[in-house]
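One-letter residues, chain by chain:
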Protein chains: 2
Amino acid sequence: MTQAQPPHRVVVVGGGFGGLSVVKGLAGAPVAITLIDRRNHHLFQPLLYQVATASLATSEIAWPIRSLVRDRPEVTTLLATVTGVDVATQRVRFEDGTAIAYDTLVLATGARHAYFGHDEWEPFAPGLKTIEDATTIRRRILMAFEDAERESDPARQRALLTFVIVGGGPTGVELAGTIAELARHTLPPEFRNIDPGSAQVVLVESGPRVLRGYPDSLSDYASRSLAALGVEVALGRAVSEVAADHVIFGDRRLETRTVLWAAGVRASPAAQWLGAPTDGAGRVKVAPDLTAPGHPQVFVVGDTASVLDRKGRPAPGIAPAATQEGRYVARAIKARLRRASRPRPFRYRHPGSLAQIGKQSAVIDFGVVRLKGEIAWWLWGLAHIYFLIGARTRLAVALNWVWIHARNQRSARLITQGKS
Amino acid sequence: MTQAQPPHRVVVVGGGFGGLSVVKGLAGAPVAITLIDRRNHHLFQPLLYQVATASLATSEIAWPIRSLVRDRPEVTTLLATVTGVDVATQRVRFEDGTAIAYDTLVLATGARHAYFGHDEWEPFAPGLKTIEDATTIRRRILMAFEDAERESDPARQRALLTFVIVGGGPTGVELAGTIAELARHTLPPEFRNIDPGSAQVVLVESGPRVLRGYPDSLSDYASRSLAALGVEVALGRAVSEVAADHVIFGDRRLETRTVLWAAGVRASPAAQWLGAPTDGAGRVKVAPDLTAPGHPQVFVVGDTASVLDRKGRPAPGIAPAATQEGRYVARAIKARLRRASRPRPFRYRHPGSLAQIGKQSAVIDFGVVRLKGEIAWWLWGLAHIYFLIGARTRLAVALNWVWIHARNQRSARLITQGKS
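Residues numbered from 1 in each chain as written. Chains lettered and ligands numbered in written order. Predicted model: local features only at pLDDT ≥ 70, side-chain atom pairs only at ≥ 80, totals over all residues. Heavy atoms only, no water.

1. Some remarks on the overall build of chain A
A count of helices and strands for chain A gives eleven helices and 25 strands. On C-alpha atoms alone, chain A measures out to a radius of gyration of 23 Å, which is about the 22 Å that the 2.2 N^0.38 rule sets for 420 residues. Its C-alpha atoms give chain A principal-axis dimensions of about 85 × 50 × 40 Å. By residue count, 58% of the 420 residues in chain A fall in the buried class. The long-range fraction of contacts in chain A, counting pairs at least 24 apart against all pairs at least 6 apart in sequence, stands at 62%. For chain A, the exposed surface amounts to about 17,400 Å²; the carbon and sulfur share of it is 53%. (Helix = DSSP H or I, 4+ residues; strand = E, 2+ residues; numbered from the N terminus. Rg over C-alpha atoms; globule rule 2.2 N^0.38 Å. Buried < 20%, exposed > 50% of the residue type's maximum accessible area, 1.4 Å probe, protein only. Contact = heavy atoms within 4.5 Å. Areas by Shrake-Rupley, 256 points an atom, 1.4 Å probe, with all protein chains shown as cover.)

2. With respect to the domain arrangement of chain A
Taken domain by domain, chain A comprises domain 1 (8-38 + 80-110 + 268-337) and domain 2 (114-263). The centre of domain 1 of chain A, based on its C-alpha atoms, is set 35 Å off from the matching centre of domain 2 of chain A. (Domains from an automatic or database assignment.)

3. Concerning the packing of aromatic side chains
In total, this model carries 24 aromatic pairs over all chains according to the counting rule given. Summarising the aromatic geometry, the rings of Trp380(A) and Trp401(A) are spaced 5.1 Å apart at their centres and angled 35 degrees between planes, so their arrangement reads as tilted. Taken together, the positions of Trp380(A) in helix 10 (residues 374-387) and Trp401(A) in helix 11 (residues 391-407) put the pair 21 residues apart, joining distant regions of the chain. For the pair Trp377(B) and Trp380(B), a centre-to-centre distance of 5.9 Å together with 40 degrees between the ring planes defines the contact as tilted. (Phe/Tyr/Trp six-rings, centres within 6.5 Å; stacked < 30°, edge-to-face > 60°.)

4. Some remarks on the UniProt feature "domain: FAD/NAD(P)-binding" (unreviewed entry) in chain A
What UniProt calls "domain: FAD/NAD(P)-binding" (unreviewed entry) maps, in this numbering, to residues 9-326 of chain A. Counting secondary structure, residues 9-326 of chain A comes out at 28% helix and 29% strand; the distance between its end C-alpha atoms is 17 Å. (UniProt positions renumbered as here; feature names shortened; annotations may be inferred.)

5. Observations concerning the relation of the copies chain B and chain A
By a simple turn and slide, chain B fits onto chain A: the slide is 0.0 Å along the axis, the RMSD is 0.0 Å, and the turn is 180 degrees. What we have between these two chains is a two-fold relation. By C-alpha distance to the rotation axis, the residue of chain B lying nearest is Ala396(B), at 3.2 Å. The overlap is high: 100% of the interface residues of chain B also sit at the interface in chain A, so the same surface is used on both sides. (Least-squares fit on C-alpha atoms with pLDDT ≥ 70 in both.)

6. A closer look at the sheet that holds strand 6 (residues 82-86) of chain B
Strands belonging to one sheet form pairs held by backbone hydrogen bonds; the direction of such a pair is parallel or antiparallel. Residues and elements named next belong to chain B. Ordered in space as 6-7-8, the three strands form an open sheet in which the pairing is antiparallel. The sheet is open, and its two edges are formed by strand 6 and strand 8 (99-101), each paired on a single side. Averaged over all adjacent pairs, the angle separating strand axes in this sheet is 20 degrees, with direction ignored. Pairing between strand 6 and strand 7 (residues 91-94): four bridges, direction antiparallel. The residue bridging Val82 from the neighbouring strand is Phe94, located in strand 7. (Pairing = 2+ DSSP bridges. Axes fitted to C-alpha atoms, helices over the stretch in contact; angles between N-to-C directions.)

7. Focus: empty space enclosed by the protein
Vacant regions in the atomic arrangement are exposed by a probe of water-molecule size rolled over the atoms. All names here are of chain A. Enumeration according to the criterion identifies 13 cavities of 30 Å³ or more in this entry. Counted as a void, the largest cavity has a volume near 250 Å³. Of the residues belonging to the lining of the largest cavity, the class tally is eight nonpolar, ten polar and two charged. Computed from the structure, the second largest cavity encloses a volume of approximately 90 Å³. Around the second largest cavity sit 13 residues that line it, and Gln50, Gln356, Lys359, Ile404 and Arg410 are the ones nearest its centre. Sorting the residues of the lining of the second largest cavity by element identifies helix 2 (48-52), helix 6 (170-186) and helix 11 as the ones contributing at least two each. In terms of residues, the lining of the second largest cavity owes the most to one element, helix 11, which gives three residues. Per-class residue counts for the lining of the second largest cavity are four nonpolar, six polar and three charged. (1 Å grid on protein atoms, 1.4 Å probe; cavity = no way out; pocket = protein on both sides within 12 Å on 5 of 7 lines; lining within 4 Å. Points joined across faces, edges and corners; volume = space filled by probe spheres on them. Nonpolar A, V, L, I, M, F, W, Y, C, P; charged D, E, K, R; others polar.)

8. Let's talk about unusual backbone geometry
The bulk of non-glycine residues show a negative phi, and the bulk of peptide bonds are trans. The backbone phi angle of Gln90(A) is positive, close to 55 degrees, even though this residue is not glycine. Structurally, Gln90(A) can be placed in the loop between strand 6 (82-86) and strand 7 (91-94).

9. Observations concerning the packing of helix 1 (residues 17-25) of chain B against helix 9 (residues 319-337) of chain B
Residues and elements named next belong to chain B. In contact at an axis separation of 7 Å, helix 1 and helix 9 are set at 35 degrees when each is read in the N-to-C sense. Viewed along their axes, helix 1 and helix 9 form a crossing whose handedness is right-handed. Residues Phe17, Gly18, Ser21, Val22 and Gly25 of helix 1 touch helix 9, and the partners they reach there are Ala319, Ala322, Thr323, Gly326, Arg327, Val329, Ala330 and Lys334. Of the residues contributing to the contact of helix 1 with helix 9, the split by class is six nonpolar, five polar and two charged. (Left-handed = near helix turned anticlockwise from the far one by under 90°.)

Here it is in structure tokens:
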């Protein structure tokens, strides 16, 4: 006597690019999926800096996860915080003491910003990973101008109008460029006691150039573009102290009330849940098929996995890497269910690197093709709008960008939770 | 020997409809204006319930105050909290101990929700006056569905899916209708363990009908429309207890985790600053020219003023009343500067009452003309879009409404600050 087999239970932890890509790739497979995230929304992190700099509203780059899988009855979405994995009994544990069983587990739990062992800097130098991070940074930036407008002491006013961004990667470059534009183009007509355009914006990078990983010519172009926007690029200097009223980098001390952190990330604690070996950033050193070593039922993807590309270099912590890994894992799960041969080892293909530098310029590295300037900006804009979810969001984001270009007006300049 | 006279100093406290209307009306007058608000934004309160119910984003109904007066060099905007007025020396005092002098003062400091002496209800029954109020209510509503999805106890699940709105005025009616639509139309395809459509939405009103102040026929229509959306309208019952897990109204006790307060308001403490006589809601009983009794240099407008209309009834706490009062005060100030005769006493003209009941219906009372149903909805929508500020916002709000109509998708369904 045979019984109808219950469907294979796939539990996916994390509704970012990696986790969603697994769920998408499993469409039509005989599985029951539980998609778990501690937030109710999927976040388009590549544009998060635009929320932090008042260009976009949060709802334009975030979507309720369960709305994205509404047409998939086999997918159950849970808003819940995972606290551990019991690999022996194949269960995921939640904060409230309950647990859920899996046949296959996918950990796509991402990363947070990290302070190189200086966690005490966090209150003074917020990083940018979540919606709340972005609204915190937005409040800090806008409040600095508001406080400067009311400040009568010139030294304190100067400190309030000084903005230091730590880390010369894409996020640091994009933050610095947008803050400079906000100060130089959007705010000046609105203040009476200060000149927002006199704000000092400093981008601090410990390495020899910004956008490390891009070709030298594009890094140089980015530096020049930032300088043209009025950003001071301080290279080759590591930050050694961050406090409420100053920052020290190299031999330089700068009085400032606003330090933003775009320098380092640390993976989620997924490796600890598994007792798996990690790289320096806490990422699980996965097997070539993206399983956790010794745990063939457990896949790890995205920012919480350490994956090597064709040349033995680690795949970068960007959306396309997470998406490719998720897609691969979905194929691997389907192959196992069909008892087909294992897919070939995962290979990361780099689609190109893009970074915006202010509202009229960008750099793009497609390997053989390199673009910069206004054409690159248009491509950057189209690419980002293309990858947004849904026509309404695309229209809304395009509308905001048109307004920023035509009028220098930023639509999301709200200070919330700062004062009651 | 004569000296150039310094311009007359007008200090306006509050950047709502009343305060902004004063500033607008003073364009071209020989005055130096300081516009003070403790928030950085002007808020379009008539649509705040749409932020609370995930239909609109905060940035679509709020604008930085200083951006609204950027073309008026004689206007200085301050983000600051006023703590008192020294009428003897004509100074406004700030939280930080500083003060600013005025020749003419306009208090337009609005109102907060009030609990009829039961302030202990506030944590369990949030009201709706600020952006933060709206995101708090949105989080409560959305989290109730999320928690219900994970709850296995049927009684607790039932309580989580029960929503009680206290107060049958326009805000209560609009909240109840929109929550019912969210539950019945937007959410059902996205949940697997519960049926969001089975949610119980109860509107509690102590009076004999909803929309008191509207003609009976429109009140009746609103009740029927709410019933058609699945809202239970409980009339003639006052709330006697609100707690974390239940509410008691009349002889009925309902287990619920979500009670929303739309019942009462109390004016800002402006009257205490002046030592002025007040009505029962704490509003300053102003003279016929909207000055505070005994303080001819101090005008009071909007929700913090008690103003009688032609028939001796108090002007309602709505945007048109505040706007008319602000316009009148600007005229009165200009007349004084010209040493012209005093303007005739202020008279409130009621432009009509509008309330939306779900996405396809509204009621409008223009006095002789009364409208209801779909035509009223279109007029309601056009009127609100007309009064929004700026083309970008109008487009964005219209876009959201189209999406809600066509797809039942609400764009601002983000839970923030709930979990870290």
